[in-house]
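Understanding the architecture of this molecule
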Amino acid sequence: MENGSNYIDIGGRICSDFTFSHEIYGEGFYRFDAEVARLSGSADILPVTVSERIIDHATMTINSHVRIIGQIRSYNNYVEADRKNKLVLTVFARDIEAVPSFVESCPNEVFLNGYLCKPPIYRTTPFGREIADMLLAVNRSYNKSDYIPCIAWGRNARFAGRLEVGENVRIYGRMQSRIYHKKKDDGEVLEKTAYEVSVAKVEVGEGQRVEE
């Protein structure tokens, strides 16, 4: 699975129309949502960005199944209502192909090699489950970086909670979507979606690692 410092391989069902995103040097990019099944029977709805040059509109329509290999990219989106930037994640497709429907769980594999850019937040739930949130900065071309939230559980969480800002961290896991509710000052409750990498294994430096 390891291929560079930022790698994702997912397979799933196209569950939204292609909508225009942006253009760079005459190349148009589009977005759509992909439904990626979990072993539990639930599914993650992941945003995908893809170049018009590799879209086959004849085989890639709503309810078609695709396999995507690419990277997790981040960018800041200014939210007028909140008057602040929001970190937005997307699966950036380097390669996409139409495939038959997946009989078993769809692939969802992530590898990241980056640096902790905030102190990890370690906590326990009311039921005693250990969780740690990390924000990983992963370098890419042209002196840019992607900032990718990661969440660890159990022994991984305890290990991650001891890490320090600036440490080189390698993450193996899967990308997931998570619904949460945010209460506004006027009492209105908004339903929002967060995207993050669920950690299966974490390595730091030379030979230090823990996995579930």
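Starting afresh in each chain, residues are numbered from 1 along the sequence in its written order. The predicted origin of the model limits local features to residues at a pLDDT of at least 70 and limits the giving and counting of side-chain atom pairs to 80 or more, whereas totals for whole chains, interfaces and linings rest on all residues. Water and hydrogen atoms were dropped before computing side-chain values, which therefore reflect all heavy atoms in the structure.

**Some words on the side chain of Thr 49**
Quick note on the threshold: Each helix corresponds to a stretch of at least 4 residues labelled H or I by DSSP, and each strand to a stretch of at least 2 residues labelled E; elements are numbered beginning at the N terminus. Note on classification: 1.4 Å probe, protein chains only; a residue is buried when its accessible area is under 20% of the maximum for its type, exposed when over 50%, partly exposed between these limits. In what follows, a contact means two residues having at least one pair of non-hydrogen atoms within 4.5 Å.
Checked against the element boundaries, Thr 49 lands in strand E4 (residues 43-51). Its relative accessible area of 4% is what places Thr 49 among the buried residues. For Thr 49, the residues in contact, after removing those within four places along its chain, are His 22, Phe 29, Tyr 30, Arg 31, Thr 90, Val 91, Phe 92 and Ala 93.

**Details of the pairing of strand E1 (residues 6-14)**
What counts is decided by this rule: Two strands qualify as a pair provided DSSP detects at least 2 bridges between them.
Of all nine residues in E1, eight are buried; the element is thus mostly enclosed. Where E1 lies against strand E7 (residues 108-116), five bridges are found, and the strand directions are antiparallel. The residue of E7 that forms the bridge with Tyr 7 is Phe 111. As paired strands, E1 and strand E3 (residues 27-37) are joined by two bridges and run antiparallel to one another.

**Regarding the nonpolar core**
Keep this limit in mind: What we call a nonpolar core is a set of buried Ala, Val, Leu, Ile, Met, Phe, Trp, Tyr and Cys residues that are connected through their side-chain atoms within 4.5 Å.
With 41 residues, the main nonpolar core has Phe 32, Ile 68, Leu 112, Met 134, Cys 150 and Ile 171 as its most contacted residues. Ignoring anything within four residues of it in the chain, the contact list for Ile 171 reads Val 110, Phe 111, Leu 112, Met 134, Leu 136, Cys 150, Val 197, Val 199, Lys 201 and Val 202.

**A look at the pattern of salt bridges**
Just so we agree on the cut-off: A pairing counts as a salt bridge when a side-chain nitrogen of Lys or Arg comes within 4 Å of a carboxyl oxygen of Asp or Glu.
Summed over the entire model, instances satisfying the criterion amount to 11 salt bridges. For Asp 44, the salt bridge is made with Arg 38, and the minimal N-O distance between the two is 2.7 Å. Classification of Asp 44 as buried rests on a relative accessible area of 0%. Among the ionic pairs, Glu 203 bridges to Arg 170, the shortest N-O distance being 3.0 Å.

**Remarks on the packing of aromatic side chains**
Under the convention used in this document: Only Phe, Tyr and Trp rings are paired, with Trp represented by its six-membered ring, and only when their centres lie within 6.5 Å; those with planes under 30 degrees apart are stacked, over 60 edge-to-face, the remainder tilted. Sitting over a ring, as applied to charges here, requires NZ of Lys or CZ of Arg to be within 6 Å of the ring centre and within 35 degrees of the ring normal.
Applying the stated criterion to the full structure yields four aromatic pairs. Ring geometry for Phe 18 versus Phe 32: centroids 4.8 Å apart, planes at 45°, classification tilted. Of this pair, Phe 18 sits in the loop between E1 and strand E2 (19-24) while Phe 32 is found in strand E3, placing the two residues 14 residues apart along the sequence. For Phe 18, a relative accessible area of 18% puts it in the buried group. Residue Phe 32 is classed as buried on the basis of its relative accessible area of 2%. On the numbers, 4.9 Å between centres and 50° between planes, the contact of Phe 111 with Tyr 172 is tilted. Note that Phe 111 is positioned in strand E7 and Tyr 172 in strand E11 (residues 168-183), a separation of 61 residues in sequence. Here Arg 73 stacks its cationic end above the ring of Phe 92, 4.1 Å away from the centre of that ring. Its end group placed over the ring of Tyr 172, Lys 201 keeps NZ or CZ at 4.3 Å from the ring centre.

**A short note on unusual backbone geometry**
Outside of glycine, negative phi angles account for most residues, and trans bonds account for most peptide bonds. Phi at Asn 63 takes a positive value of approximately 80°, unusual for a residue other than glycine. As for its placement among the helices and strands, Asn 63 is situated in the loop between E4 and strand E5 (65-79).

**Focus on the pairing of E11**
Pairing between E7 and E11: six bridges, direction antiparallel. The residue bridging Leu 112 from the neighbouring strand is Ile 171, located in E11. Examined bridge by bridge, E11 and strand E12 (residues 189-204) share 15 bridges and lie antiparallel to one another. If you follow Lys 183 over to E12, its bridge partner there is Val 189.

**Description of the confidence of the model for the chain**
Note the threshold: Per-residue confidence from the predictor is given as pLDDT, running between 0 and 100.
When pLDDT is averaged across the chain, the result is 89; 90% of the residues are at 70 or more. Averaged over each element, pLDDT in the chain is lowest for strand E13 (residues 208-211) (45) and highest for E4 (97). Between residues 207-212, whose pLDDT stays under 50, and residues either more than four places distant or in other chains, the model counts 21 contacts.

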